[in-house]
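The primary structure of each chain is shown beneath.
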Amino acid sequence: MNKQPGRIPAWEAASLEELKNRLESREPRQKRQGGFVELKLHGKDILIRQFELMNVKVSELNNTLKLDALEIFSLPSLNEVELDYRIFEAAGDKIRGIFIAMPRRRMRGYSRVL
């Protein structure tokens, strides 16, 4: 965990169990402004991927990327995918960027622990 004053605490975890262990072993809770934490996640249920799509409207981008994650995770519906993305370039009919996705159940688990 990052211990510099005024900085947002940062934890890294590859599983929910690892995050629980890190939180249990931390120093007693001190007052924090805003209640934020930086959480670095990695593992087989986390998808981080660059994308370059042609002929996709920005309004359709979220569902297009969720469909990609849905196939990889073998989930039953788009509602089961948590996703965030950043567009680096949108010129003409091309959109280029990066996205992160994970199954919703995993994200909810992390949220409950925090």
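Residues numbered from 1 in each chain as written. Predicted model: local features only at pLDDT ≥ 70, side-chain atom pairs only at ≥ 80, totals over all residues. Heavy atoms only, no water.

Chemist: For this particular structure, what's the right way to read the nonpolar core?
Modeler: The tendency in soluble globular proteins is for nonpolar side chains to be buried side by side. Core analysis: the biggest nonpolar cluster contains 13 residues, and V81, F99 and A101 have the highest contact counts within it. Secondary-structure elements contributing two or more residues to this core are β3 (47-54), α2 (58-73), β4 (81-91) and β5 (94-103). Ignoring sequence-local partners within four residues, the contact set of V81 consists of K66, A69, L70, L75, A101, M102 and R104. Listed in part, the eight residues of the second largest apolar core include W11, L19, I46 and Y110. (Core = buried A, V, L, I, M, F, W, Y, C linked by side-chain atoms within 4.5 Å. Buried < 20%, exposed > 50% of the residue type's maximum accessible area, 1.4 Å probe, protein only. Helix = DSSP H or I, 4+ residues; strand = E, 2+ residues; numbered from the N terminus. Contact = heavy atoms within 4.5 Å.)

Chemist: How do you make sense of the packing of aromatic side chains when you look at a structure like this?
Modeler: Remark: the centre distance and the inter-plane angle together describe each pair of aromatic rings, the angle taken between the planes. Tallying each qualifying case throughout the model produces one aromatic pair. Ring geometry for F51 versus F99: centroids 6.2 Å apart, planes at 50°, classification tilted. One end of the pair, F51, is in strand β3; the other, F99, is in strand β5, and 48 residues separate them in sequence. Under the relative-accessibility criterion, F51 is labelled buried at 6%. Accessibility expressed as a relative area gives 2% for F99, which makes it buried. (Phe/Tyr/Trp six-rings, centres within 6.5 Å; stacked < 30°, edge-to-face > 60°.)

Chemist: Explanation requested: the sheet that holds β3 in the structure shown.
Modeler: Where strands meet in a sheet, backbone hydrogen bonds hold them as pairs that are either parallel or antiparallel. The strand order across the open sheet built from three strands is β3-β5-β4, with neighbouring strands paired in antiparallel fashion. The open sheet has two edge strands, β3 and β4, and neither has a second partner. The sheet shows a mean angle of 20° between the axes of neighbouring strands, taken without regard to direction. Relative to β5, β3 runs antiparallel, the two sharing eight bridges. Paired with L47 across the bridge in β5 is A101. Packing against the sheet, α2 makes contact with β3, β4 and β5, and its axis sits at approximately 130° to β4. Against the sheet, helix α3 (residues 104-113) touches β4 and β5, its axis set at about 65° to β5. (Pairing = 2+ DSSP bridges. Axes fitted to C-alpha atoms, helices over the stretch in contact; angles between N-to-C directions.)

Chemist: Please explain the pattern of salt bridges as it appears in this structure.
Modeler: When the charged atoms of two side chains lie near each other, side chains of opposite charge can form a pair. Enumeration according to the criterion identifies four salt bridges in this entry. For the salt bridge of D68 with R49, the shortest nitrogen-to-oxygen distance reads 3.2 Å. Here D68, found in helix α2, pairs with R49, found in strand β3; they are 19 residues apart in sequence, far enough to count as distant. Assessed through its relative accessible area of 26%, D68 is described here as partly exposed. (Salt bridge = Lys/Arg side-chain N within 4 Å of Asp/Glu carboxyl O.)

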